[in-house]
Amino acid sequence: MVNVWETVLDAMKSMTVQDEDQPLHVGEVMACWIYLEGLELAKVAVQAGIHTTTDNELKAILEEDMKLGSSQRERLHDFMIKEGITLPPAPEDMPISDPNSIPLGVKLTDDVIANELSLKIVSLIMRAAGTASESIRTDVGLLFIQFQAEKLAFATRLKHLMRKRGWIKVPPFYVPPGSQQQ
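A few points on the structure.

Brief notes about the packing of aromatic side chains
Applying the stated criterion to the full structure yields three aromatic pairs. Ring geometry for tyrosine 35 and phenylalanine 144: centres 5.3 Å apart, planes at 85 degrees, overall edge-to-face. A residue pair is termed long-range when its members are at least 10 positions apart, and tyrosine 35 in helix H2 (residues 26–52) and phenylalanine 144 in helix H5 (residues 138–165) qualify at 109 residues. In this structure, tyrosine 35 and phenylalanine 144 share a single accessibility class: buried. Summarising the aromatic geometry, the rings of tyrosine 35 and phenylalanine 147 are spaced 5.2 Å apart at their centres and angled 10 degrees between planes, so their arrangement reads as stacked. In this pair, tyrosine 35 sits in helix H2 while phenylalanine 147 sits in helix H5, placing the two residues 112 residues apart along the sequence. The burial state of tyrosine 35 is the same as that of phenylalanine 147; both residues are buried. Through a chain of ring-to-ring contacts, the aromatic side chains of Tyr35, Phe144 and Phe147 assemble into a single cluster.

What follows is the structure, encoded as structure tokens:
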């Protein structure tokens with residue numbers, strides 16, 4: 001199946017002047033650093049979720065996020081090294097544990113794990129969008145557009161699972177004053 005986002009990105013690449021010979025500006029450097037740090041922190045939270053949950057569907061979506069995060073970390077890491085950007089410190093991996101041996105009161109519920117993941121995904125989507133719109137260099141903008149598209153595609157699958165399980169948090173519905181639905 002054709003990946004629409006890859007097709008759009010390839011078309012954009014072919015229509016733009018590549019400007020990798022220009023140095024990155026400080027905003028682009030900071031954005032790369034913050035996004036990579038966000039991916040690193042999300043990694044340990046997802047590892048903790050994988051080692052905490054007994055829900056096979058949630059575990060599968062957490063493992064999918066681990067793969068996506070690893071792919072994005074590797075691409076951004078390589079880009080930053082190539083550009084001479086100092087990498088943020090990465091936390092150590094979480095140790096593997098038996099979900100049934102975690103005491104209640106310490107163990108996060110599946111609802112909390114899913115909502116925490118959702119918030120991390122939203123944060124990274126917003127960061128990627130901001131970076132893509134603020135970058136001057138085409139390669140930086142395209143990299144973050146790709147990151148955003150990947151996270152958006154993943155977020156739809158996570159949202160489906162959260163709705164299915166009743167984990168999604170919905171704010172109160174807004175009914176305008178004087179409307180028929182009071």
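Quick word on the environment of serine 97
With respect to the helices and strands, serine 97 occurs in the loop between helix H3 (56–83) and helix H4 (110–134). Separated by 47 residues in the primary sequence, serine 97 and isoleucine 50 have C-alpha atoms spaced 9.2 Å apart. Non-local contacts of serine 97, meaning those with residues more than four positions away in its chain, are made with His51 and Ile102. A polar side-chain atom of serine 97 sits 3.4 Å from the main-chain carbonyl oxygen of histidine 51.

Observations regarding the pattern of salt bridges
Applying the stated rule across the entire model yields 14 salt bridges. Across the pair aspartate 65 and lysine 151 runs a salt bridge, and its minimum N-O distance is 3.6 Å. Residue aspartate 65 is located in helix H3, and its partner lysine 151 is located in helix H5; the two are separated by 86 residues in the primary sequence. Accessibility expressed as a relative area gives 2% for lysine 151, which makes it buried. Linking glutamate 116 and lysine 120 is a salt bridge whose minimum nitrogen-to-oxygen distance equals 3.6 Å. Here the residue glutamate 116 and the residue lysine 120 both occupy positions in helix H4, the gap between them amounting to four residues, near one helical turn. Using a relative accessible area of 24% as the deciding quantity, one classes lysine 120 as partly exposed.

Details of the nonpolar core
In this structure, Leu58, Leu62, Leu117 and Phe154 are the most contacted members of the largest nonpolar core, which totals 17 residues. Secondary structure elements with two or more residues in this core: H2, H3, H4 and H5. With sequence-adjacent residues up to four places away left out, leucine 62 is seen in contact with Val46, Gly49, Ile50, Thr53, Ile113 and Leu117. Counting 16 residues, the second largest nonpolar core, distinct from the first, contains Tyr35, Met80, Leu124 and Ala128.

Some thoughts on the side chain of aspartate 139
Turning to its location among the elements, aspartate 139 is positioned in helix H5. Of the polar contacts made by the side chain of aspartate 139, one reaches the side chain of arginine 137; its length is 2.7 Å.

Some points on the packing of H4 against H5
The contact between H4 and H5 brings their axes to 8 Å, and the two run at 155 degrees. The angle between H4 and H5 places the two elements in the roughly antiparallel class. As for how H4 packs across H5, the hand of that crossing is left-handed. Residues Ala114, Asn115, Leu117, Ser118, Ile121, Leu124, Ile125, Ala128, Ala129, Thr131 and Ala132 of H4 lie in contact with H5, whose contacting residues are Val140, Gly141, Phe144, Ile145, Phe147, Gln148, Lys151, Leu152, Phe154, Ala155, Leu158 and Met162. Residue composition of the contact of H4 with H5, grouped by class: 17 nonpolar, five polar and one charged.

Here is what the cut-offs are and how they apply
- Residues numbered from 1 in each chain as written.
- Predicted model: local features only at pLDDT ≥ 70, side-chain atom pairs only at ≥ 80, totals over all residues.
- Heavy atoms only, no water.
- Phe/Tyr/Trp six-rings, centres within 6.5 Å; stacked < 30°, edge-to-face > 60°.
- Helix = DSSP H or I, 4+ residues; strand = E, 2+ residues; numbered from the N terminus.
- Buried < 20%, exposed > 50% of the residue type's maximum accessible area, 1.4 Å probe, protein only.
- Contact = heavy atoms within 4.5 Å.
- Polar contact = N/O pair within 3.5 Å; in protein donor to acceptor, adjacent residues only side chain to side chain.
- Salt bridge = Lys/Arg side-chain N within 4 Å of Asp/Glu carboxyl O.
- Core = buried A, V, L, I, M, F, W, Y, C linked by side-chain atoms within 4.5 Å.
- Axes fitted to C-alpha atoms, helices over the stretch in contact; angles between N-to-C directions.
- Parallel < 35°, antiparallel > 145°, perpendicular 65-115°, else oblique.
- Left-handed = near helix turned anticlockwise from the far one by under 90°.
- Nonpolar A, V, L, I, M, F, W, Y, C, P; charged D, E, K, R; others polar.

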